[in-house]
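The chain contents come next:
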Amino acid sequence: MKLLEHVTNKTNEYIENMPKSLRKRYGQFFTSKETASFMAGLFVLPSNKQSLKILDAGAGSGILSVALIEKLQSYNQINHIELVCYENDTNIIGLLEDNLNWVSKHSNIDIDYEIRTENYITSQIFEYNNWLGANPTPEKFDLIIGNPPYMKIGKDAPEAKAMPDVCYGAPNLYFLFTAMGVFNLMPNAEMVYIIPRSWTSGAYFKKFRQKLLNECVLEHIHLFESRDKVFDKESVLQETIIIKIKKSNEKLEKVCITTTQSSRDFESISTFWAPYDTIVSGADKYVYLATNTSEIKTLELVNTWSYTLPKLGIPMKTGLTVDFRNRETLRNEAEDNAVPLFYSQHIQNGKVIFPIGKENEYIVTDKQGLLQDNANYLFVKRFTAKEEHRRLQCGVYLSRVKTR
Ligand SMILES: C[S@@+](CC[C@H](N)C(=O)[O-])C[C@H]1O[C@@H](n2cnc3c(N)ncnc32)[C@H](O)[C@@H]1O
């Protein structure tokens, strides 16, 4: 039996017997066999080596490590692997051990594996921060593959405190794992990770993006068109992407962007080579996930504009009131002192239409923090209905009451 098939069968048995609530605590869900194989196939091996040091942090049942071992077997170049797997969920360590043991017996490559049950982030706090004259030659790897836990953590969580240089606001474990991966890479070595796409923009991720893209180059991005099919059996609704980065400061002309419908059909893949500087942009290192020439042209056009909205005196902000956190203030009907609470449904064909008879479309409160001045606004909504062609929809709101 093929190595990966054996491990995915064992993983499926585990999923059936382990309640999701327990796995969720560790941010645990598993990569499909097709995605794992695709990720493993992205690596370009160092041409001068027969022995490789590999890292899989947050290894789960070992699917990604095993997909990589299976690929390496088919290349004939590699005769020895030193594999390090970090995994701190005691429920799954037995399965990981069994899988790696089975695979090392059935592989034609000599495999030395080590399972580390400590926390991947906090166990490297001294090396990462170079504290107290920590080990001057921290451990580095030739290839790193990973599907890290996706979990928001508090800004005072031990993992956040271990990596202060990339944290701003409330961090997420996935980008700490990615930044630690960068730290664990040898020069010119490659890392392939499957992670949410949220890091590609936004202020919370700026320090992380800068670290990642100043120390590495982004060689490949893979996008899934349908966001709910990446972790089948798992119903994870995160929009995930696969990235391959290389620890190098060489200047790349192009980045390879591939797309498939889901994590099952890597047979029908489309490939687009995009100009690197358009995809990875400016000092803030935004990453634009463009998939065709027309999107690149739009980006290049927008990049020629010399003004931003704040420079033009048009600040943007998100709405002040989160309805479900202020239930006691919500009303279905107008009453004395009630003010409108606008939802995306109120933005229709470029206008703000109110009232529309929607539940909770008024609020009554004297908390100033929930109220905004009745001024002129342009409302923008990002969650659009299926029939709306554009992802962004706007509605003009004029403060003056319309008189008939
Ligand atoms: C999203 S799962 C991925 C599992 C596996 N790599 C795969 O792709 O199928 C992330 C794994 O990281 C483990 N994990 C979470 N936090 C960790 C930490 N701080 N150190 C080590 N492992 C951790 C979880 O228990 C879980 O098994």
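Residues numbered from 1 in each chain as written. Predicted model: local features only at pLDDT ≥ 70, side-chain atom pairs only at ≥ 80, totals over all residues.

A. Spotlight on the overall build of the protein. In terms of regular secondary structure, the protein is built from 11 helices and 18 strands. By principal-axis analysis of the C-alpha atoms, the protein measures approximately 85 × 50 × 50 Å. Here the protein, with 404 residues, has 31% of them falling under the buried criterion. (Helix = DSSP H or I, 4+ residues; strand = E, 2+ residues; numbered from the N terminus. Buried ≥ 20, exposed ≤ 12 C-beta atoms within 10 Å, placed from the backbone.)

B. Highlighting the packing of helix H1 (residues 3-17) against helix H5 (residues 90-106). One way to put it is that H1 packs onto H5 with a least axis distance of 10 Å and a crossing angle of 160°. The angle between H1 and H5 places the two elements in the roughly antiparallel class. The way H1 lies across H5 gives a crossing that is right-handed. Contacts between H1 and H5 pair Leu3, His6, Val7, Lys10 and Tyr14 from the former with Ile92, Leu95, Asn99, Trp102, Val103 and His106 from the latter. (Axes fitted to C-alpha atoms, helices over the stretch in contact; angles between N-to-C directions. Parallel < 35°, antiparallel > 145°, perpendicular 65-115°, else oblique. Left-handed = near helix turned anticlockwise from the far one by under 90°. Contact = placed C-beta atoms within 7 Å.)

C. Region of interest: helix H9 (residues 206-215). All of the buried residues in H9 are Lys207, Phe208, Arg209 and Leu212. Next to the buried residues of H9 lie helix H8 (173-184) and strand E7 (240-246).

D. Spotlight on the domain arrangement of the protein. Split by domain assignment, the protein resolves into domain 1 (3-303) and domain 2 (311-397). If you average the C-alpha positions of domain 1 and of domain 2, the two centres end up 38 Å apart. (Domains from an automatic or database assignment.)

E. Main features of the packing of H8 against H9. Direction vectors running N to C along H8 and H9 enclose 25°, while the axes themselves pass 10 Å from each other. Put simply, H8 runs roughly parallel to H9. Considering the relative orientation of H8 and H9, their crossing is left-handed. Contacts between H8 and H9 involve Phe175, Thr178, Ala179 and Val182 from the former and Phe208, Lys211, Leu212 and Glu215 from the latter. Class assignment for the residues of the contact of H8 with H9 results in 5 nonpolar, 1 polar and 2 charged. (Nonpolar A, V, L, I, M, F, W, Y, C, P; charged D, E, K, R; others polar.)

F. Structural view of the pairing of strand E3 (residues 110-116). Pairing geometry for strand E2 (residues 80-86) and E3, over 7 bridges, is parallel. Paired with Leu83 across the bridge in E3 is Tyr113. Note that the unit made of E2, H5 and E3 has a crossover that is right-handed. (Pairing = 2+ DSSP bridges. Right-handed = clockwise from strand over helix to strand, strands pointing away.)

G. Local environment of the sheet that holds strand E5 (residues 185-196). Reading across from one edge, E3-E2-E1-E4-E5-E7-E6-E8-E9 is the order of the 9 strands in this open sheet, with mixed pairing throughout. Each edge of the open sheet carries a strand with a single partner, namely E3 and strand E9 (270-275). Taken pair by pair, the neighbouring strands of this sheet meet at an average axis angle of 15°, ignoring direction. The pairing of strand E4 (residues 141-146) with E5 spans 5 bridges and is parallel. Across the sheet, Gly146 pairs through a bridge with Tyr193, a residue of E5. Packing of H8 onto the sheet brings it into contact with strand E1 (51-57), E4 and E5, and relative to E5 it is tilted by some 165°.

H. Looking closely at unusual backbone geometry. Between Phe354 and Pro355 the backbone carries a cis peptide bond, its omega angle lying at -5°. Structurally, Pro355 is set in the loop between strand E15 (350-352) and strand E16 (362-363). Look at Asn188: it is not a glycine, yet its phi comes out positive at around 70°. Among the secondary structure elements, Asn188 is positioned in strand E5. You can call Asn188 exposed: it has 11 C-beta atoms within 10 Å.

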